[in-house]
Every structure is written in structure tokens, then in C-alpha cells.
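Chains, contacts and geometry: an overview
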Amino acid sequence: GAVVSQHPSWVICKSGTSVKIECRSLDFQATTMFWYRQFPKQSLMLMATSNEGSKATYEQGVEKDKFLINHASLTLSTLTVTSAHPEDSSFYICSAEGPPDEQFFGPGTRLTVL
Amino acid sequence: AQSVAQPEDQVNVAEGNPLTVKCTYSVSGNPYLFWYVQYPNRGLQFLLKYITGDNLVKGSYGFEAEFNKSQTSFHLKKPSALVSDSALYFCAGGYQKVTFGIGTKLQVIP
């Protein structure tokens, strides 16, 4: 089946630094990828939709300058959390749209900002 | 606006008994409905989906779900629960922009 990977699986950083998270579709090409955020004991909240070769579409309330998304190829999307703060600590999950009509999810990245 | 509701925060069931995890939806147009499972500190794993066709959908690990249009429900079921089924289950709906329910923690008691 279709596989989506994320790197790193967990990261700890100091407040004020930037962190990049990669999302790759390993065995299929994904024109569209999605980034979600999950707080403890809560559901996944869609942050943005990433389309290859174009600007990402952000959900209401998500700061586009803070959460930079780049989808430079059909197999890679990156999420950069800029100037991270402790409140950005969360579980970030990406998904890639593959056929037919299904999203394939990555394993997630646990971000802890000290 | 689309929404998915999971009315139970937690479901407890004895091993070997049938289990049901409830989900209701409000999705415009033809509903695309999904069930995912999440183990601790892991990503989501796809269980099953309904797009069209038979109302009873069979998925991974012996799970199935029944689409009921009149009740706008898509409950997840399994005839005989295993301890290893204990996890967090998410119902989701929508096409492309998928909306997730808040999740139901399933606890299977040995």
C-alpha cells in the first residue's frame, strides 16, 4: 500500500529556533498534501493544504508566516515552524492524497519546544 | 460546513464481545466517510472508507462499518474484540478537506 514518511519522528528545540519537518510519499506521487496538528487528547486539526508548485492554502487561524509550507516536488512537502515557542509543541501529521480518493497519513512528528 | 461527531469519549468492552464505536456526520453532498485508528505516539492508520455502494463496508483487522443515510451515522463495528484493538479511533468525513471527529478511546478488557 501507499506509504508516507515523516522526518524527524520527534524533535526537541529551544524557543526561538526554527524546525523543519519533511513529509514524503514513498511509492506514489501526490499533487496534494495536507498538514494537521494534534494536541494531546484532541482530534486532528487541518492546518493547510499543500499543492505541488503553488502556494499552500491555510485554514483560518493558522499563521502562514509562522508555519511555512513548501511543496517543491510530487513526493515531498515540508513544514517549517519558524521562531518556535512552547505553545507550538504538538504532534504534527501530514497526509498525501493518493488514488482512489484516499489520504495516506504519515506517522507524525512530535515537536517539543523548550 | 461539514462536521463529524463521536459522542463517546471512551468505550469499554470485554475481550471477545462485539464492539461498536459510534459516529454521526453532517457532510454536504455525497459523503466520503473514513475510520482511522491511532496507537500511542503513532500516526493514523486507515481502517476503512465509504464513498458509494454497499452500506456495509469491510476494512482492516476485521473491522466493518455501516453507512446509514437516514440516521446520518457511520458506526464502526467488530464482532469479537481483541485486547490489541485498544487504541484511539477517529471517524472522518469529507473529500480532500477531511474533518475528523474528536476520537473515541477503545479499551478492550481481558
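Residues numbered from 1 in each chain as written. Chains lettered and ligands numbered in written order. Predicted model: local features only at pLDDT ≥ 70, side-chain atom pairs only at ≥ 80, totals over all residues. Heavy atoms only, no water.

Topic: the side chain of Gln6(A)
Residues and elements named next belong to chain A. Mapping Gln6 onto the fold places it in strand S1 (residues 4-7). We classify Gln6 as buried; its relative accessible area is 8%. A polar contact of 3.0 Å, which involves the side chain of Gln6, links it to the backbone nitrogen of Gly108. There is a polar contact of 3.1 Å between the side chain of Gln6 and the side chain of Thr109. (Helix = DSSP H or I, 4+ residues; strand = E, 2+ residues; numbered from the N terminus. Buried < 20%, exposed > 50% of the residue type's maximum accessible area, 1.4 Å probe, protein only. Polar contact = N/O pair within 3.5 Å; in protein donor to acceptor, adjacent residues only side chain to side chain.)

Overview of the nonpolar core
Judged by nonpolar contacts, the single largest core of 26 residues is most densely connected at Trp35(B), Leu47(B), Leu48(B), Phe74(B), Leu76(B) and Tyr89(B). Elements that contribute at least two residues to this core include exactly strand S2 (10-14), strand S3 (19-21), strand S5 (33-38), strand S6 (44-50), strand S8 (64-68), strand S9 (73-78), strand S10 (87-93) and strand S12 (104-109) of chain B. When neighbours within four sequence positions are excluded, Leu47(B) is seen to be in contact with Trp35(B), Tyr36(B), Val37(B), Gly59(B), Ser60(B), Tyr61(B), Phe63(B), Leu76(B) and Tyr89(B). Counting residues in hydrophobic clusters, the runner-up holds 25 residues, among them Val4(A), Met33(A), Trp35(A) and Met47(A). (Core = buried A, V, L, I, M, F, W, Y, C linked by side-chain atoms within 4.5 Å. Contact = heavy atoms within 4.5 Å.)

Description of the side chain of Lys66(A)
Residue position: Lys66(A) is located in the loop between strand S6 (57-58) and strand S7 (67-73). Lys66(A) has contacts with Thr80(A), Val81(A), Thr82(A), Ser83(A), Ala84(A), His85(A) and Asp88(A), leaving out every residue within four places of it along the chain.

Some points on the interface of chain A and chain B
Contacts between the two partners involve 21 residues from chain A and, on the opposite side, 19 residues from chain B. Of the roughly 1,600 Å² buried where chain A meets chain B, counting both sides, 51% is carbon and sulfur surface. Applying the counting criterion to the chain A and chain B interface returns two residue pairs in polar contact (both at pLDDT 80 or more). At the level of elements, strand S4 (32-38), strand S5 (44-51), strand S9 (90-98) and strand S10 (102-105) of chain A are the ones that each hand at least two residues to the side of chain A that touches chain B. The element best represented in the side of chain A that touches chain B is S4(A), accounting for four residues. Here the side of chain A that touches chain B is composed, by residue class, of nine nonpolar, seven polar and five charged. (Buried area = accessible area lost by both parts, 1.4 Å probe. Nonpolar A, V, L, I, M, F, W, Y, C, P; charged D, E, K, R; others polar.)

Here we look at the state of the cysteines
This model, assessed by the stated rule, comprises two disulfides over all chains. Shown here is the disulfide that connects Cys23(A) with Cys94(A), its sulfur atoms set 2.0 Å apart. Disulfide Cys23(A)-Cys94(A): torsion about the S-S bond near 80°, hence right-handed. Here Cys94(A) lies in strand S9 and Cys23(A) lies in strand S3 (residues 19-25), a separation of 71 residues in the sequence. What makes Cys23(A) buried here is its relative accessible area of 0%. With a sulfur-sulfur separation of 2.0 Å, Cys23(B) is cross-linked through a disulfide to Cys91(B). Here the S-S torsion is close to -65°, and the disulfide linking Cys23(B) with Cys91(B) is therefore left-handed. Linking Cys23(B) in the loop between S3 and strand S4 (24-26) with Cys91(B) in strand S10, this pair joins segments that are 68 residues apart in sequence. (Disulfide = S-S within 2.5 Å.)

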